[in-house]
Amino acid sequence: MLQETVDEIATRLGASATLEDRSFQLLAYAAQSGDIDVIRRESILRRRATEEVRAYFEGYGIATARGPVRIPEDAELGVLARVCVPLRHHDVTYGYLWLLDDGSLGAGALASVSDLVAQAAASLAQEARSRQDLGRNLRELFSPDTDERFRALSQLDVQGPVTAIAVRSSLDRVAALWTLPRGVLADPGLLTQGETLVALLAPAAQAWELAGRIQAMYGTAAGVGDARADPAQAWRSWREAVQALRVAGKVPALAPVAAWSDLGVYRTLARLSPADLRELAGEIAGLAGDPELARTVESYLDRACHVQETATALGVHRQTLYYRLGKAERLVGRDLADGEDRLLVHLSLKAVRLL
């Protein structure tokens with residue numbers, strides 16, 4: 001539908017046309033007519049504009065404009081003159097129509113395609129409403145309440161295996177989740193543990209690629225739960241995804257997308273309350289105040305107390321490592337040669353990361 005609309009607009013105007021959603025993800029484009037610039041070419045090849053391009057065009061006020069916005073040529077940046085037509089429906093902007101302008105796109109020409117512009121905006125709005133309705137069902141599907149879950153399943157056509165994805169994002173960046181592949185359910189505003197997350201339920205085979213894509217487009221970090229063959233158990237995958245997200249945002253080695261199955265010991269620590277984590281971290285309060293020393297001890301324990309491997313990884317002499325370890329033992333009052341003390345210190349260091 002959108003592709004046909006863009007083709008018709010390009011034909012009527014004799015201009016190169018592309019249609020993007022509000023996050024600058026490419027939805028449809030017509031055959032090239034005349035000159036092309038780097039921005040149009042890269043948008044088509046990458047299927048979305050870069051952050052720099054987005055910021056450049058948003059600087060012209062297109063997000064709030066109620067009519068066409070003319071953007072002049074910028075030879076230094078390699079930008080050809082173009083017209084941006086916001087796709088608005090009931091005073092909400094759902095996307096943008098871009099037209100390369102060789103000087104022929106006057107007010108009359110743009111008015112001649114106003115019906116097609118309205119048609120494209122209405123189509124995007126309808127798809128958005130449809131996805132929002134499914135999103136409300138998704139909240140029930142992830143509920144711990146059994147009745148709510150089965151009520152949601154009765155209204156959704158969901159086939160397993162499925163995987164839940166949690167994405168931490170800024171709310172102004174989740175405009176176009178309705179452009180996700182069919183079969184993917186999304187809710188851009190699911191409140192969990194005091195923060196608003198983007199929630200998704202996807203076929204298990206697509207989950208990891210999709211998590212990376214959504215995180216890159218809208219978020220700072222993402223967590224992926226384990227697959228569930230029975231959609232009625234999707235709430236368990238969601239709980240895992242939220243915990244994995246919590247770890248992805250704190251542990252660089254697992255960022256920016258973390259899978260529940262890859263968390264290791266963090267699977268246990270992520271289940272603890274903040275108060276429990278603070279209590280555990282308090283066991284090494286003196287050590288936590290010295291980042292270099294803490295990193296040394298954690299590296300040593302991560303490598304099963306192998307001195308040479310640790311020294312090599314840290315780029316220090318073995319004697320330097322021994323000195324640091326002795327200093328750490330005195331600070332925390334624990335003996336790293338004792339198995340239980342070693343375990344407590346190791347877990348406490350991981351708890352500090354989650355805090």
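The structure we're discussing is the one just above.
None of these values were measured; they are calculated from a predicted model. (Residues numbered from 1 in each chain as written. Predicted model: local features only at pLDDT ≥ 70, side-chain atom pairs only at ≥ 80, totals over all residues. Heavy atoms only, no water.)

1. Observations concerning the packing of helix α10 (residues 274-281) against helix α15 (residues 339-354)
- Closest axis-to-axis distance for the α10/α15 pair is 8 Å, and the angle between their directions is 130°. With respect to α15, the element α10 is oriented oblique. The interaxial crossing formed by α10 with α15 has left-handed handedness. Counted together, L277, L280 and A281 of α10 and L344, L347, S348, A351, V352 and L354 of α15 form the full contact between these two elements.
- Its residues assigned to classes, the contact of α10 with α15 shows 8 nonpolar, 1 polar and no charged. (Axes fitted to C-alpha atoms, helices over the stretch in contact; angles between N-to-C directions. Helix = DSSP H or I, 4+ residues; strand = E, 2+ residues; numbered from the N terminus. Parallel < 35°, antiparallel > 145°, perpendicular 65-115°, else oblique. Left-handed = near helix turned anticlockwise from the far one by under 90°. Contact = heavy atoms within 4.5 Å. Nonpolar A, V, L, I, M, F, W, Y, C, P; charged D, E, K, R; others polar.)

2. Re the pairing of strand β8 (residues 195-203)
- The pairing of strand β6 (residues 162-169) with β8 spans 7 bridges and is antiparallel. Note on β8: the bridge partner recorded for V167 is V198.
- One ladder, built from 6 bridges, connects strand β7 (residues 185-192) with β8; its direction is antiparallel. Across the sheet, the residue bridging to L185 is L201, located in β8.
- Hairpin connection from β7 to β8: 2 residues lie between these consecutive antiparallel strands, with Q193 at a positive phi of about 50°. (Pairing = 2+ DSSP bridges.)

3. A closer look at the packing of aromatic side chains
- Applying the stated criterion to the full structure yields 7 aromatic pairs.
- Ring centres of Y96 and W98 lie 6.1 Å apart, and the angle between their planes is 55°; on these two criteria the pair is classed as tilted. With respect to burial, Y96 and W98 carry one shared label: buried.
- Here the aromatic rings of F142 and W238 are separated by 4.9 Å at their centres, their planes lie at 5°, and the arrangement is stacked. Of this pair, F142 sits in the loop between α5 (114-141) and α6 (146-155) while W238 sits in helix α8 (residues 234-248), and the two are 96 residues apart along the sequence. One exposure class covers both F142 and W238, and it is buried.
- Put simply, the rings of F24, Y56, F57, Y60, Y96 and W98 touch in pairs and so form one group of aromatic residues. (Phe/Tyr/Trp six-rings, centres within 6.5 Å; stacked < 30°, edge-to-face > 60°. Buried < 20%, exposed > 50% of the residue type's maximum accessible area, 1.4 Å probe, protein only.)

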